[in-house]
Amino acid sequence: REAVAYFLSSSGTVVACDTARRTFAELPRILPVYFEYSIDVVACGGAAYAVVLSEHLDTASLRVWEFAGDGAWRQVAAMPPAMSRWFYGKKVDINCVGHGARLMVCVSSGEANGGCFMCDVSSNRWEEMPKYVNGDGEITEFLAAFSFEPRVEISV
């Protein structure tokens with residue numbers, strides 16, 4: 001069975017690593033070098049996606065891209081503009097985690113409260129998750145999606 005791991009290079013491009021053949025391939029850029037954007041790679045429903053938050057023409061756009069077999073990126077989901085427009089000009093960072101057919105995108109910024117959003121990739125349905133409020137009643141500004149699958153081996 002083929003096992004490919006995807007990660008981001010220091011220049012922001014997606015790199016695919018074929019773990020069986022021990023080879024690396026830098027995938028084509030989604031956006032040109034001069035574009036300002038935040039990007040993360042996430043596995044979801046057996047596929048790998050690049051989630052990109054970019055700014056263009058006075059608005060912010062958050063889109064989900066899948067690397068197609070023909071060597072090109074294909075957009076498979078996009079956050080509605082009414083949800084993503086709040087990120088414009090905020091210097092945000094995104095990080096993502098996937099589970100089943102859904103992915104969670106956490107948006108953080110030092111300039112404004114971020115948020116977490118769930119996206120069903122197959123239906124392009126987005127919903128905002130409730131804000132995290134700490135014990136002092138303050139909304140946490142830095143949010144991070146973190147994947148953890150506990151595995152405990154016990155011998156009886």
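Conventions used here
- Residue positions within a chain follow its written sequence, with the count starting from 1.
- Note on the predicted model: pLDDT of at least 70 is required for a residue's local features to be given, and 80 or more for side-chain atom pairs to be given and counted; whole-chain, interface and lining totals, by contrast, use all residues.
- Side-chain metrics rest on all non-hydrogen atoms present in the structure, leaving aside hydrogens and water.
- What counts as a helix is a DSSP run of H or I of at least four residues, what counts as a strand is a run of E of at least two, and both are numbered from the N terminus.
- For the purposes of these results, a polar contact is taken to be a pair of N or O atoms within 3.5 Å, where, inside protein, one atom must be able to donate a hydrogen and its partner to accept one; residues adjacent in sequence count only when each atom of the pair is a side-chain atom.
- The contact criterion used throughout is that any non-hydrogen atoms of two residues lie within 4.5 Å.
- At least two DSSP bridges between two strands are required for those strands to pair.
- In this analysis an axis means a line fitted to C-alpha atoms, helices contributing only their contacting stretch, and an angle means the value between N-to-C directions, from 0 to 180 degrees.
- Defined by distance alone, a disulfide is two cysteine sulfur atoms within 2.5 Å.
- Burial classes: relative accessible area under 20% of the type maximum marks a residue as buried, over 50% as exposed, and values in between as partly exposed (1.4 Å probe, protein chains only).
- Note on aromatic pairs: the rings of Phe, Tyr and Trp (six-membered ring only in Trp) are paired at centre separations within 6.5 Å, and the planes decide the class, stacked below 30 degrees, edge-to-face beyond 60, tilted for the rest.

*Asks:* So, the side chain of S84: which residues are in play, and what are the values?
*Replies:* Inspection of the secondary structure puts S84 in helix α1 (residues 81-84). One polar contact links the side chain of S84 to the main-chain carbonyl oxygen of A60, over a distance of 2.9 Å. Non-local contacts of S84, meaning those with residues more than four positions away in its chain, are made with A60, S61, L62 and M79.

*Asks:* Give me the sheet that holds strand β3 (residues 23-26): which residues, what numbers.
*Replies:* Strand order in the open sheet formed by three strands is β1-β2-β3, with antiparallel pairing between adjacent strands. Of all strands in the sheet, those bounded by a partner on one side alone are β1 (4-8) and β3. Here the strands of the sheet are splayed against their neighbours by 25 degrees on average, with no regard to which way each runs. Of the strand pairs in this sheet, β1 and strand β2 (residues 14-18) are connected by five bridges, and their pairing is antiparallel. Opposite F7, over in β2, you have V15 as the bridge partner.

*Asks:* Describe in detail the state of the cysteines, supporting the description with residues and values.
*Replies:* If you walk through the whole model with that rule in mind, you get one disulfide. Across the disulfide from C106 sits C116; the S-S distance is 2.4 Å. In this structure the cystine formed by C106 and C116 twists about its S-S bond by roughly 95 degrees; its chirality is therefore right-handed. One end of the pair, C106, is in strand β9 (residues 102-108); the other, C116, is in strand β10 (residues 115-120), with 10 residues separating them in the sequence. Since its relative accessible area comes to 1%, C106 is described here as buried. Judged by its relative accessible area of 12%, C116 is buried. Unpaired in terms of disulfides, C44 finds its nearest cysteine sulfur in C119, a separation of 7.8 Å. When its relative accessible area of 4% is taken as the criterion, C44 is described as buried.

*Asks:* Can you tell me about the packing of aromatic side chains, naming the residues and giving the values?
*Replies:* Across all of its chains, the model carries two aromatic pairs by this definition. Considering the side-chain rings of F67 and W73, the 5.2 Å spacing of their centres and the 65 degrees angle between planes classify their relative orientation as edge-to-face. The class for F67 is partly exposed, based on a relative accessible area of 26%. Given the relative accessible area of 15%, W73 is considered buried.

*Asks:* Tell me about the side chain of E66, and please be specific about residues and values.
*Replies:* Positionally, E66 belongs in strand β6 (residues 59-67). The exposure class of E66 is buried, given its relative accessible area of 18%. There is a polar contact of 2.6 Å between the side chain of E66 and the side chain of R74. Excluding anything up to four places from it in sequence, E66 contacts A47, A48, Y49, A72, W73, R74 and V76.

*Asks:* Just give me the short version of the sheet that holds strand β8 (residues 93-99), but keep the residues and values in it.
*Replies:* Here we have four strands laid out as an open sheet, ordered β8-β9-β10-β11, and antiparallel in their pairing. Strands with a single pairing partner mark the edges of an open sheet, and in this sheet they are β8 and β11 (125-128). The sheet shows a mean angle of 20 degrees between the axes of neighbouring strands, taken without regard to direction. In the sheet, β10 pairs with β11 via four bridges, with the strands oriented antiparallel. By the bridge assignment, C119 is partnered in β11 with W126.

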